[in-house]
Amino acid sequence: GDVFKEMLEVYCRRILADKQHWAKVKLVIGAGLSITDMLTDISMVFEYFGRGETTFAWATIGSIALNIGLQMICTYVQNAK
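Just so we're clear, the structure is a prediction, and the values are computed from it rather than from any experiment.

(A) A look at the overall build of the chain. Each helix and strand counted, the chain has three helices and zero strands in total. Each helix and strand of the chain, placed in order from N terminus to C terminus, yields the pattern α-α-α. Over its C-alpha trace the chain gives a radius of gyration of 21 Å, far above what one expects of a compact globule, namely 12 Å for 81 residues. Considered along the principal axes of its C-alpha atoms, the chain spans approximately 65 × 40 × 15 Å. Here the chain, with 81 residues, has 6% of them falling under the buried criterion. Summed over its atoms, the accessible surface of the chain is roughly 7200 Å², and 67% of this surface lies on carbon and sulfur atoms. Positive and negative charge centroids in the chain, built from 8 and 8 side chains respectively, lie 12 Å apart.

(B) Expanded view of helix α3 (residues 54-79). Between its terminal C-alpha atoms α3 stretches 37 Å, which fits the 38 Å expected from 26 residues at 1.5 Å a residue. Every buried residue of α3 is accounted for by Ala57, Thr60 and Ile64. Residues of α3 that are buried sit in contact with α2 (19-51).

(C) Spatial organisation of helix α1 (residues 2-17). Here α1 contains 16 residues, and its C-alpha end-to-end distance of 22 Å stays within 8% of the 22 Å for a straight helix at 1.5 Å per residue. Little of α1 is tucked away: zero of the 16 residues are buried.

(D) Structural context of the packing of aromatic side chains. In this structure the tally under the stated criterion is two aromatic pairs. Centroid distance Phe49 to Trp58: 5.6 Å. Interplanar angle 85°. Geometry classified as edge-to-face. Using a relative accessible area of 54% as the deciding quantity, one classes Trp58 as exposed.

(E) Representation of the pattern of salt bridges within the structure. Taken as a whole, this structure holds three salt bridges when the rule is applied. Ionic pairing is found between Glu47 and Arg51, a salt bridge with its closest N-O pair at 3.2 Å. Of this pair, Glu47 and Arg51 are both found in helix α2, four residues apart, which corresponds to roughly one turn of the helix. Here Arg51 makes a salt bridge to Glu53, at a shortest N to O gap of 3.6 Å. Within the structure, one salt-bridge network assembled from shared partners comprises Glu47, Arg51 and Glu53.

(F) Just the confidence of the model for the chain, in detail. The predicted model of the chain has a mean per-residue pLDDT of 91, with 100% of residues at 70 or higher. Here α1 stands out as the least confident element of the chain, with mean pLDDT 85; α3 is the most confident, with 95.

The rules behind these values
Residues numbered from 1 in each chain as written. Predicted model: local features only at pLDDT ≥ 70, side-chain atom pairs only at ≥ 80, totals over all residues. Heavy atoms only, no water. Helix = DSSP H or I, 4+ residues; strand = E, 2+ residues; numbered from the N terminus. Rg over C-alpha atoms; globule rule 2.2 N^0.38 Å. Buried < 20%, exposed > 50% of the residue type's maximum accessible area, 1.4 Å probe, protein only. Areas by Shrake-Rupley, 256 points an atom, 1.4 Å probe, with all protein chains shown as cover. Lys, Arg positive; Asp, Glu negative; His and termini not counted. Charge placed at Lys NZ, Arg CZ, Asp CG, Glu CD. Expected span 1.5 Å × (residues − 1). Contact = heavy atoms within 4.5 Å. Phe/Tyr/Trp six-rings, centres within 6.5 Å; stacked < 30°, edge-to-face > 60°. Salt bridge = Lys/Arg side-chain N within 4 Å of Asp/Glu carboxyl O. pLDDT = per-residue confidence, 0-100.

Structural data, given as structure tokens:
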């Protein structure tokens, strides 16, 4: 009981002490998920055009463009001096 609790406390302190490392890990994972999501969206655009479902294809393209546009605006606002 007490040994496990002590080990857990030491482990948690070490994790919390290395906040910058974990922030970078979260950033990389988030960026990877976002890029993967966009790639699957792009593959669906080709699928929709291939099936003749152009409305869905253009809606997906619009969604991707809106997403990238909003990210660009947020990046600009965050880095504006």
